[in-house]
Amino acid sequence: MVKLLSGKEVAEALTVSMKRDVEVLKAKGITPTLGIIRVGEKGPDISYEKGATKRCEEVGAVVKNYRLPEDTTQQALLDVIREANEDPAVHGVLLFRPLPKHIDDNAARAALLPKKDMDGITDGSMAGIYSDTSQGYAPCTAESVIKLLEHYQIDPAGKRVVVVGRSTVIGKPVSLLLLKKNGTVTICHSKTKDMASVIREADIVVVAMGRAESVGKESFRAGQVVVDVGVNPKPDGSKGTCGDVKFAEVEPLVEAISPVPGGVGSVTNCMLINHVIRAAQERS
Ligand code: NAP
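Residues numbered from 1 in each chain as written. Predicted model: local features only at pLDDT ≥ 70, side-chain atom pairs only at ≥ 80, totals over all residues. Heavy atoms only, no water.

A. Main features of the overall build of the protein chain. Secondary structure summary: the protein chain contains 10 helices and 10 strands in total. Scored against the burial criterion, the 284 residues of the protein chain give a buried share of 49%. Restricting to contacts in the protein chain with at least 6 residues of sequence separation, those with at least 24 account for 68%. By element, 53% of the accessible surface of the protein chain is carried by carbon and sulfur atoms, the whole surface being about 13300 Å². (Helix = DSSP H or I, 4+ residues; strand = E, 2+ residues; numbered from the N terminus. Buried < 20%, exposed > 50% of the residue type's maximum accessible area, 1.4 Å probe, protein only. Contact = heavy atoms within 4.5 Å. Areas by Shrake-Rupley, 256 points an atom, 1.4 Å probe, with all protein chains shown as cover.)

Written as structure tokens, this is what we have:
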């Protein structure tokens, strides 16, 4: 098995197959189109939007931008969501969250149709994962973890899998996706006692805590596969990002590990475009 689970490599492979899928759709007169709804001018939203737009262009898909000012009304946002829902040329929608405080997040999520929800934010998409039906789409980051494992032929079936984190964006959905892959899944969170001994029991460890370089070699052993989902500012304040795992001391110990940056994060916007292509295929 390779030592470094490179998200960049996975993204390159996905890009090649997505280009082929888009060519087939275009031959039928369909151009996969992603609607991006952004409220305000938050730096991380703008940079994610740029990355997603670039990836769309690379594979031949297009982006339709819906931009609203930070002080937009809730009604204006709901109107834009409904417009995107009803536009047959828009195959899927990405709505940036968190939304400004004066907007009801639940109302915004409820307004989006699960079949257009490309990042698994609606209750319908979440129910789809829970009930194992094809309703909606899984959150892109959670699905990226699965893609990364699949690419490196790491099969969770029958393995002990520990997921650290239980958020609705990553921890819970990735746990259910790993269960679907027949892993024996344990979920850790901030109230878990002696987490290091729980993690050491695992064959595959997925860490999604959002705590910079907080899990060190005392939690790991030889033979494990580690997927680090965390993207955090570096604890020493220097430029760039780091994961939740202390990469330098854990990498020599385990069998395989995903780096940060260059791991799961590199696959995420590919998964988003992948969902848009799937949505376009389903309606072709
Ligand atoms: P979140 O909503 O803050 O959830 C963090 C989870 O970690 C919670 O369930 C929390 O437990 C648990 N946790 C926190 N401290 C812990 C501790 N000391 N011990 C055990 N569990 C602990 O974060 P998130 O949205 O899931 O994001 C997690 C990380 O993924 C962040 O670094 C984020 O930046 C990153 N991320 C990466 C991508 C990507 O594309 N790679 C995309 C999105 C997010 P409780 O539930 O008990 O509080």
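B. Representation of the site of the ligand. In the vicinity of the ligand there are 19 residues, among which R166, S167, S190, V231 and T268 approach most closely. S190 places a polar side-chain atom, nitrogen or oxygen, 2.5 Å from an oxygen atom of the ligand. Here a nitrogen atom of the ligand sits 3.3 Å away from a polar atom, N or O, in the side chain of R211. Contact with the protein chains removes 69% of the 930 Å² of surface that the ligand exposes when unbound. By residue number, the principal contributor to the shell around the ligand is helix α10 (residues 264-282), which donates three residues. (Near = heavy atom within 4 Å. Polar contact = N/O pair within 3.5 Å; in protein donor to acceptor, adjacent residues only side chain to side chain.)

C. Local environment of the pattern of salt bridges. The final tally for this structure, using the stated rule, is 16 salt bridges. In this structure, R160 and D203 form a salt bridge, with 3.2 Å as the shortest nitrogen-oxygen distance. Pair noted here: R160 is in strand β4 (residues 160-164) and D203 is in the loop between α8 (195-200) and β6 (204-207), with a separation of 43 residues, a long-range link. The exposure class of R160 is partly exposed, given its relative accessible area of 39%. Connected through shared salt-bridge partners, R38, E41, E49 and R67 make up one network. (Salt bridge = Lys/Arg side-chain N within 4 Å of Asp/Glu carboxyl O.)

D. Structural view of the domain arrangement of the protein chain. Along its sequence, the protein chain is organised into domain 1 (28-115) and domain 2 (140-265). Using only C-alpha atoms to locate each centre, domain 1 and domain 2 end up separated by 29 Å. (Domains from an automatic or database assignment.)

E. Representation of the sheet that holds strand β10 (residues 256-257) within the structure. Judged by pairing direction, the sheet is parallel, and its five strands sit side by side in the order β5-β4-β6-β7-β10 without closing on themselves. Two strands lie at the open edges of the sheet, namely β5 (184-188) and β10, each paired on one side alone. Two strands pair when backbone bridges link them, and β4 and β5 are joined in this way by five bridges, in the parallel orientation. Looking across to β5, one finds that V163 is bridged to I187. (Pairing = 2+ DSSP bridges.)

F. A look at a nonpolar patch on the surface. On the surface, Y130, L176 and L179 cluster together to form a nonpolar patch covering roughly 340 Å² of accessible area. You can see L176 is positioned in helix α7 (residues 171-180). A relative accessible area of 31% places L176 in the partly exposed class. (Patch = residues over 30% accessible without salt bridge, like charges linked within 9 Å, V, L, I, M, F, W, Y side chains within 5 Å.)

G. Layout of the packing of helix α1 (residues 7-27) against α10. Running from N to C, α1 and α10 point in directions that differ by 20°, and their axes come no closer than 9 Å. Here α1 is positioned roughly parallel relative to α10, judged by the angle of their axes. As α1 packs across α10, the resulting crossing turns out to be left-handed. Together, G7, K8, V10, A11, L14, T15, M18, D21, V22 and L25 of α1 and S266, V267, C270, M271, I273, N274, I277, A280 and Q281 of α10 make up the contact between the two elements. Within the contact of α1 with α10, the residues separate by chemical class into 12 nonpolar, five polar and two charged. (Axes fitted to C-alpha atoms, helices over the stretch in contact; angles between N-to-C directions. Parallel < 35°, antiparallel > 145°, perpendicular 65-115°, else oblique. Left-handed = near helix turned anticlockwise from the far one by under 90°. Nonpolar A, V, L, I, M, F, W, Y, C, P; charged D, E, K, R; others polar.)

H. Expanded view of unusual backbone geometry. A cis geometry characterises the amide bond from R97 onward to P98, with omega recorded as 5°. Residue position: P98 is located in the loop between β3 (92-95) and α4 (105-111). In this structure, P261 follows V260 across a cis peptide bond, with omega equal to 0°. Structurally, P261 can be placed in the loop between β10 and α10. At N182, a residue that is not glycine, the phi angle is positive and equals roughly 70°. If you trace the backbone, N182 turns up in the loop between α7 and β5.

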